[in-house]
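Single-letter residue listing:
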Amino acid sequence: MRELTATVLENKQIAEEIYSLTFACEEPVKVRAGQFAMVGVDGFPLRRPIAVCKAEGERITLCYRLKGEGTRRLASRYSRGEKISVLLPLGNGFSVTEEQKRVAVVGGGVGIFPLIAAIREYAESKEIYAYMGFRGKEAICMQYEMQRGKELVIATDDGSVGYRGTAVQAFMEDIDRVKPHVVLACGPTPMLRALKSATAGRDLPVYVSLEERMGCGVGACLVCVCDLRGGGHARVCKDGPVFGIGEVEL
Ligand SMILES: Cc1cc2nc3c(=O)[nH]c(=O)nc-3n(C[C@H](O)[C@H](O)[C@H](O)COP(=O)(O)OP(=O)(O)OC[C@H]3O[C@@H](n4cnc5c(N)ncnc54)[C@H](O)[C@@H]3O)c2cc1C
Ligand code: FES
């Protein structure tokens with residue numbers, strides 16, 4: 001992990017309440033899909049954790065939803081040429097073994113962004129089946145990136161585009177045809193819970209990336225601890241954010 005002062009190349013709206021921030025670091029940064037950045041926002045003592053969506057040498061892209069004051073300030077304060085302070089790369093990231101050839105990615109809300117990084121990382125070497133859930137048409141973005149895999153199903157709550165329902169429902173309708181060797185997932189906790197109960201009893205490894213509130217992002221403050229199944233705790237920032245779905249209490 002390094003503390004970097006990067007130069008903003010672009011910070012623009014790409015869908016309803018969603019922004020894409022691209023910045024250039026002074027040198028290339030090696031980032032694994034599922035790793036994240038802690039982004040310093042002027043005027044806020046705590047950095048904001050945001051998953052890396054694209055890493056291309058020294059160019060890094062993060063996509064974020066306007067949520068509270070920090071992300072709103074990030075959208076309004078930073079434009080091309082500004083300097084921004086980031087800690088990068090953080091967390092463990094996803095890992096897929098050599099034998100796991102068919103990979104399903106199941107994402108919802110801002111959870112689609114680390115999964116776009118996974119699609120980019122594995123599109124050449126694996127068969128990727130992506131199930132991406134959005135509230136409605138206005139929230140859909142990065143479609144070109146999501147299409148890099150073998151198949152893409154877009155699910156919307158209101159049925160305005162693609163499958164009407166959740167990404168988990170769309171995935172479970174396909175699971176026996178696709179026969180994935182591994183599932184990578186990220187999204188709101190109710191979505192991850194639904195995935196956990198839908199896949200229970202199957203001999204299928206499922207990895208989830210958790211989005212806990214964070215303070216430091218580097219394992220020091222314990223703001224982000226989650227409960228482990230069978231007792232004990234883990235720091236989402238340092239031990240995660242990616243865990244086996246059976247390892248953690250959701
Ligand atoms: C590993 C990880 C990856 C993430 N990746 C993305 C992403 O790719 N795109 C995206 O839009 N969002 C992502 N989030 C969520 C994002 O961090 C929060 O939406 C953001 O911090 C909200 O900040 P705010 O000041 O706008 O909101 P406020 O609610 O005002 O934030 C107040 C405080 O709570 C923290 N906080 C609030 N909600 C969250 C949350 N869900 N997760 C962690 N901290 C939170 C903030 O960092 C801040 O310290 C990720 C979170 C984690 C932990
Ligand atoms: S955010 Fe500080 S220990 Fe995880």
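Residues numbered from 1 in each chain as written. Chains lettered and ligands numbered in written order. Predicted model: local features only at pLDDT ≥ 70, side-chain atom pairs only at ≥ 80, totals over all residues.

## Re the domain arrangement of the protein
Interfaces are often sized by the amount of accessible area the parts lose when they come together.
Right, on to step 1. On domain assignment, one finds that the protein holds domain 1 (2-90) and domain 2 (102-209).
Right, on to step 2. Here domain 1 and domain 2 have C-alpha centroids that lie 24 Å from each other.
Right, on to step 3. Among the secondary structure elements, those contributing two or more residues to the side of domain 1 that touches domain 2 are strand E1 (2-15) and strand E6 (59-65).
Right, on to step 4. Here the side of domain 1 that touches domain 2 is composed, by residue class, of 8 nonpolar, 1 polar and 3 charged. (Domains from an automatic or database assignment. Helix = DSSP H or I, 4+ residues; strand = E, 2+ residues; numbered from the N terminus. Nonpolar A, V, L, I, M, F, W, Y, C, P; charged D, E, K, R; others polar.)

## Details of helix H5 (residues 189-199)
Right, on to step 1. Turning to H5, its buried residues number three or more, namely Met191, Leu192, Ala194, Leu195 and Thr199. One face of H5 carries all of its buried residues, which in axial projection span an arc of 160°. Exposed and oriented more than 90 degrees from the buried face of H5 are Thr189, Pro190 and Ser197.
Right, on to step 2. Buried residues belonging to H5 abut strand E8 (102-108), helix H4 (167-178), strand E12 (182-186) and strand E13 (206-209).
Right, on to step 3. Positive backbone phi, at 90°, marks Gly201, one or two positions downstream of H5. (Buried ≥ 20, exposed ≤ 12 C-beta atoms within 10 Å, placed from the backbone. Arc of directions from axis to C-beta. Contact = placed C-beta atoms within 7 Å.)

## Let's talk about unusual backbone geometry
Right, on to step 1. A cis geometry characterises the amide bond from Leu88 onward to Pro89, with omega recorded as -10°.
Right, on to step 2. By the element assignment, Pro89 lies in strand E7 (residues 83-90).
Right, on to step 3. Between Gly240 and the following residue, Pro241, the backbone shows a cis peptide bond with an omega angle of 15°.
Right, on to step 4. Note on placement: Pro241 falls in the loop between strand E15 (233-235) and strand E16 (242-244).
Right, on to step 5. Phi at Glu17 takes a positive value of approximately 65°, unusual for a residue other than glycine.
Right, on to step 6. Here Glu17 lies in the loop between E1 and strand E2 (18-24).
Right, on to step 7. With 15 C-beta atoms packed within 10 Å, Glu17 lands in the partly exposed category.
Right, on to step 8. With a phi close to 55°, Met142 is a non-glycine residue in the positive phi region.
Right, on to step 9. Locating Met142 in the fold gives a position in the loop between strand E9 (127-134) and helix H3 (143-146).
Right, on to step 10. A count of 20 C-beta atoms within 10 Å places Met142 in the buried class.

## Regarding the nonpolar core
Right, on to step 1. Core analysis: the biggest nonpolar cluster contains 82 residues, and Ala37, Val52, Leu62, Val105, Val106 and Leu184 have the highest contact counts within it.
Right, on to step 2. By residue number, the principal contributor to this core is helix H2 (residues 112-122), which donates 8 residues. (Core = buried A, V, L, I, M, F, W, Y, C linked by C-beta atoms within 7 Å.)

## Here's the deal with the site of ligand 1
Right, on to step 1. Around ligand 1 sit 21 residues in total, of which Ala51, Gly68, Gly70, Thr71 and Val110 are the nearest.
Right, on to step 2. Elements represented by at least two residues in the shell around ligand 1 include exactly strand E4 (48-51), E6 and helix H1 (69-77).
Right, on to step 3. Class assignment of the residues belonging to the shell around ligand 1 gives a composition of 11 nonpolar, 3 polar and 7 charged. (Near = placed C-beta within 6 Å.)

## Considerations on the sheet that holds strand E5 (residues 54-56)
Right, on to step 1. Pairing within the open sheet is antiparallel, and its 7 strands lie in the order E4-E3-E7-E1-E2-E6-E5. At either end of the open sheet lies a strand with only one pairing partner, and these are E4 and E5. Taken over all neighbouring pairs, the strand axes of this sheet differ in orientation by 35° on average, direction set aside.
Right, on to step 2. Two strands pair when backbone bridges link them, and E5 and E6 are joined in this way by 3 bridges, in the antiparallel orientation. Bridged to Glu56 within E6 is Arg59. (Pairing = 2+ DSSP bridges. Axes fitted to C-alpha atoms, helices over the stretch in contact; angles between N-to-C directions.)

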